[in-house]
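# A look at the structure
Here is how the chains run, residue by residue.
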Amino acid sequence: MKLFHSTIVKILSIIVILSLMPALFITWQRHQVETQARTVEMVYDYDNILGRAAVEKTTADDLFELYRNSGITSLALYDETPQKLMDRGDIRLVSGSTMRSTMFTNSEIHEECTYIQPANKKNGAVIFSEFKTAIMENFRKEDFRVLTLNGVETIEVKVNYQNFVDMPLGIFPSQVQDISDKGFYVVLRPKNRPHITKEIVDNFLKSVDVSSKVSAVLFTGKEVLGVNTEWSTYLTSELNKRHIPIVLIEAQNQLGFEPQQGILNVAKQSNYENVRLYAMSKEELIKLSQTEAASRFYISDVERNIRMNLFPSYKDAKNGQTLSETNASYIRMVRERLENHGFSIGKASILESYYPNKTVRAFVMIGAVALSTLTLLFLIPGLVSWGSWIFSIGILVTQGLYWGTSSALPLQLLAMSVAVCTPVIVVTLFMEYCLRKKEEAYIRYGWGRILLEGILSLWISGLVVLLCANFVASLLGDIRFFLEILYFRGVKLTFVLPVIFISLIYIQKFPVFKKAVTTDSEFISFVKEFCNIPIKMGLLLLMGILAVTGFIFVGRSGNNGAPVPQFEVQLRRFLEMVMYARPREKEFLFGHPAILMVLISYYKKWPQLLHYLFILAFTIGQGSIIETFAHMRSPYILSLIRGFDGLIAGTGIMILALFATIVLLRITKFFGGKYES
């Protein structure tokens, strides 16, 4: 093709190669940031442990020891409520009517009120004092009073008993201290309250300051503490001074975070020194075996830079164990697998608030524009004379947005463009390679030579894609993308557009209707001829198969994909056990072996349609490699090894595909001969 010898294509190719240097530099820096954050914090609910002790005929201290040995490093502490304090025996809570019935001669008792008295236990006086402070925070002065009944200090609150028992009262410092004394870190889980004041925030900070083992703050509910007020900023500032991170809960679809109003503002005010947490709902947990539940947590830590796990509890015990032993069992599996993978268990690591040098990233952007321009010229060769103008305009627009605004949009657009264009360029070059061998292509190559050529083609193509993936990894290589405050846009397009583009390039190179398309008029004729194809039952069947394949291909992409069948789940778990990073099925089972089938169909003069479909499959496999790097929450080295593991597994499947093809051809030849005779 003359296009490959044009000056602009050579210049653009050189620019792409040169801009790989700054891209590799940024990804190396990113890798350093990620390797310094390898400690995972394991969190369980403090109240759950206290609630199970009596039921399981054991002590709370024994259960604390059980969970500590399983790998739990931290306990989550929620706002206290009158009901929880009463259940633990920390206070006596009595309705006014009940109090009146036992002390009917006392005229100070009012039936519409609720009465609180300290429990007769070791820390009863301390908790009662904290309870009194909480009442002062949450009620007007005229709505409560302190009195003495039968010689016992009592708090009277003008509130209905049923409405009062579940009211959040804040986190008590004594409970924070109790968890610390047991040797655990404390993850505080405050809930926002209406009409919040500085006094409420300051009292929360007193709970933070009671122990140096408070490791993080994880807001409960749909709002951060103090949302839409100045006190949210004040709280964040105070936590920053204490180097206590605010936790971001990963969304169920693994894209962004669970909706909490104000959390993104808080993250920005924290300079993105936050921790990503994985939590599974109890409803989801009860559907899973202990092994599968452990795998979910393990994978989230390894593959998505999660550094805090919040473990739910099963509803029912399993395998003859108590419920606590059942929970401790799957938690222990997570700890053991993480430690075997090189992680530490302790206080959660915080990713450095990393941003690459702006000038270095600007050079990467120039390379991405050059890559995109090359693809456009391959797609529409008639634009080659305008190539320098297209390239220049692309630079002016993207650099103008980059330097003139604080928007990440130019980075996201270029990253998507690279993810779309890279497989198109690689497969186009492979098709050009096939065309240059046209004279010798139809000579009967031996199967061994075809296999060797397929393996070499796969690895060369794969290595080129892995190199170009550094453009995506570096363009989006800063802390906002690592935490998924911002994320890659256009996942579905990165699967669909390469298939469309390579189809348009394919008809320019290969004679689909006995002639390749090289001009506008020929393209119009091609469209007319395509639309006039007779619809037969076989064609309808083929279209149905392609439609189902397309649905699976596109529907399974992204974070809200189609469901995964159980046999595939088992395959994934097996691959996770035997390989450092599980390769994608669409690569090693589908896309990578297709390159061998492209060569076989070309050399053996199979129908053109089969050759085209194998080209599409090959494109899908190459696109999947680079799309892996669009998941910025995944460590760079894991994405890189995943790509290599896919090439290794794809090579193995390619060998099996060759044997299957040989067997199928021999069977066909045998029965064909029988039919003719």
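Quantities reported herein were computed from a predicted structural model and do not represent experimental measurements.

Quick notes on the rules
Sequence positions are assigned chain by chain, starting from 1 and proceeding in written order. It should be noted that, the model being predicted, local features are given only for residues of pLDDT at least 70 and side-chain atom pairs only at 80 or more, the latter also being counted only at that level, while totals for whole chains, interfaces and linings use all residues. Side-chain metrics in this entry use all non-hydrogen atoms of the structure; hydrogen atoms and water are not considered. Helix and strand definitions follow DSSP, with helices as H or I runs of at least four residues and strands as E runs of at least two, each counted in order from the N terminus. Think of it in three bands: with a 1.4 Å probe and only protein chains considered, a residue is buried below 20% of the maximum accessible area for its type, exposed above 50%, and partly exposed in between. Contacts are residue-level and defined by heavy atoms, with any inter-residue pair within 4.5 Å sufficient. Helix axes use the C-alpha atoms of the stretch in contact, all axes being lines fitted to C-alpha atoms, and the angles between their N-to-C directions lie in the range 0 to 180 degrees. By definition in this entry, angles of less than 35 degrees are roughly parallel, angles greater than 145 are roughly antiparallel, angles of 65 to 115 are roughly perpendicular, and the rest are oblique. Rotating anticlockwise by less than a right angle from the far helix to the near helix defines a left-handed crossing, while the corresponding clockwise rotation defines a right-handed one. Residues were grouped as follows: Ala, Val, Leu, Ile, Met, Phe, Trp, Tyr, Cys and Pro as nonpolar; Asp, Glu, Lys and Arg as charged; and all remaining residues, including Gly, as polar. Patch membership needs two things, relative accessible area over 30% and no salt bridge, and members are linked within 9 Å if like-charged or within 5 Å if nonpolar (Val, Leu, Ile, Met, Phe, Trp, Tyr). Residue exposure ignores everything except the shown protein chains as possible cover, and the areas themselves are Shrake-Rupley values with a 1.4 Å probe. Salt bridge criterion: a side-chain nitrogen from Lys or Arg within 4 Å of a carboxyl oxygen from Asp or Glu.

## Some remarks on the overall build of the chain
If you tally the helices and strands in the chain, you get 27 helices and 12 strands. A buried classification covers 53% of the 677 residues belonging to the chain. For the chain, the proportion of contacts with a sequence separation of at least 24, taken over those separated by at least 6, is 79%.

## What to know about the side chain of Asn327
Tracing the backbone through its elements, the reader meets Asn327 in helix H14 (residues 323-340). Beyond its immediate stretch of four places on either side in the chain, Asn327 contacts Tyr44, Tyr67, Pro312, Ser313 and Tyr314.

## With respect to the packing of helix H13 (residues 290-303) against H14
As a packed pair, H13 and H14 sit with axes 9 Å apart at the nearest point and diverge in direction by 40°. Our classification of the angle between H13 and H14 gives oblique. Regarding H13 and H14, the two cross each other, and that crossing is right-handed. Here Gln290, Thr291, Ala293, Ala294, Ser295, Phe297, Tyr298, Asp301 and Val302 of H13 come into contact with H14, specifically with Thr326, Ser329, Tyr330, Met333, Val334, Arg337 and Leu338. Each residue belonging to the contact of H13 with H14 can be placed in one class, and the counts come to 9 nonpolar, 5 polar and 2 charged.

## What about a nonpolar patch on the surface?
A cluster of nonpolar side chains, contributed by Trp386, Trp389, Ile393, Val397 and Leu401, occupies part of the molecular surface with about 560 Å² of accessible area. Mapped onto the elements of the fold, Val397 is located in helix H16 (residues 387-404). The partly exposed category is assigned to Val397, whose relative accessible area is 46%.

## Brief notes about the packing of helix H17 (residues 409-436) against helix H19 (residues 447-475)
For the pair H17 and H19, interaxial distance at closest approach is 9 Å and the crossing angle is 165°. Put simply, H17 runs roughly antiparallel to H19. Along this stretch, H17 crosses H19, giving a crossing that reads as right-handed. Contacts between H17 and H19 pair Leu411, Leu414, Ala415, Val418, Ala419, Thr422, Val426, Phe430 and Tyr433 from the former with Glu453, Ser457, Ser461, Val464, Val465, Cys468, Phe471, Val472 and Leu475 from the latter.

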